[in-house]
Amino acid sequence: MESDSTPCDALFTCTQCGDCCKGYGGTYLSSMDIESIARYLGITADQFVADYTSESGNRRLIRQGDNGYCIFWDQICTIHSVKPKMCRQWPYIRSILIDVGNWRAMAASCPGMKADASEDDILNCVRNKVMDDYS
């Protein structure tokens, strides 16, 4: 029996608009993200943490500029090849599995997301993408 579900790549196509790089609580960094970005920038991890991050709770996140955008946004992501896991996952994030309404809220500000996708298609694609990160 053939599935009527929408392919995951039809639910989101990045338009490189930068809307996801502005505000929304910041971009959290894993230790692997810190090492990778620091290496890309040609600096130590400690220097990267001191110069480019701030702390929220016990976690590091990339600082935002005065314009509210990630400091690495300059009409395009300037660290795209080593962007943090949180950015690579967008918009397939765990919070959608808790409440699919999060997809619709995010789609209101992200022109690349298909806002009218079915709840089943959204959940199936997010589940698949989230599980891919752990395999």
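Notes on the structure follow. (Residues numbered from 1 in each chain as written. Predicted model: local features only at pLDDT ≥ 70, side-chain atom pairs only at ≥ 80, totals over all residues. Heavy atoms only, no water.)

Details of the pattern of salt bridges
Inference 1: In total, this model carries two salt bridges according to the counting rule given.
Inference 2: Asp33 serves as the salt-bridge partner of Arg88, at 4.0 Å between the closest nitrogen and oxygen. With a gap of 55 residues between them, Arg88 in helix H3 (residues 85-89) and Asp33 in helix H1 (residues 31-41) connect regions that are remote in the sequence. (Salt bridge = Lys/Arg side-chain N within 4 Å of Asp/Glu carboxyl O. Helix = DSSP H or I, 4+ residues; strand = E, 2+ residues; numbered from the N terminus.)

Quick word on the side chain of Asp33
Inference 1: When its relative accessible area of 5% is taken as the criterion, Asp33 is described as buried.
Inference 2: The residues contacting Asp33, other than those within four sequence positions of it, are Tyr28, Pro84, Lys85 and Arg88. (Buried < 20%, exposed > 50% of the residue type's maximum accessible area, 1.4 Å probe, protein only. Contact = heavy atoms within 4.5 Å.)

Quick word on the environment of Asp51
Inference 1: Positionally, Asp51 belongs in helix H2 (residues 45-52).
Inference 2: Given a relative accessible area of 38%, Asp51 falls into the partly exposed group.
Inference 3: Separated by 75 residues in sequence, Asp51 and Val126 place their C-alpha atoms 34 Å apart.

Describing the layout of surface pockets
Empty pockets left among the atoms are what a rolling probe the size of a water molecule brings to light.
Inference 1: By volume, the largest pocket is sized at about 930 Å³.
Inference 2: Lining the largest pocket are 38 residues, with Cys20, Cys21, Met86, Cys87 and Trp90 sitting closest to its centre.
Inference 3: Ranked by the residues each element gives to the lining of the largest pocket, the list is headed by H3, at four residues.
Inference 4: If you add up the space inside the second largest pocket, you get close to 190 Å³. (1 Å grid on protein atoms, 1.4 Å probe; cavity = no way out; pocket = protein on both sides within 12 Å on 5 of 7 lines; lining within 4 Å. Points joined across faces, edges and corners; volume = space filled by probe spheres on them.)

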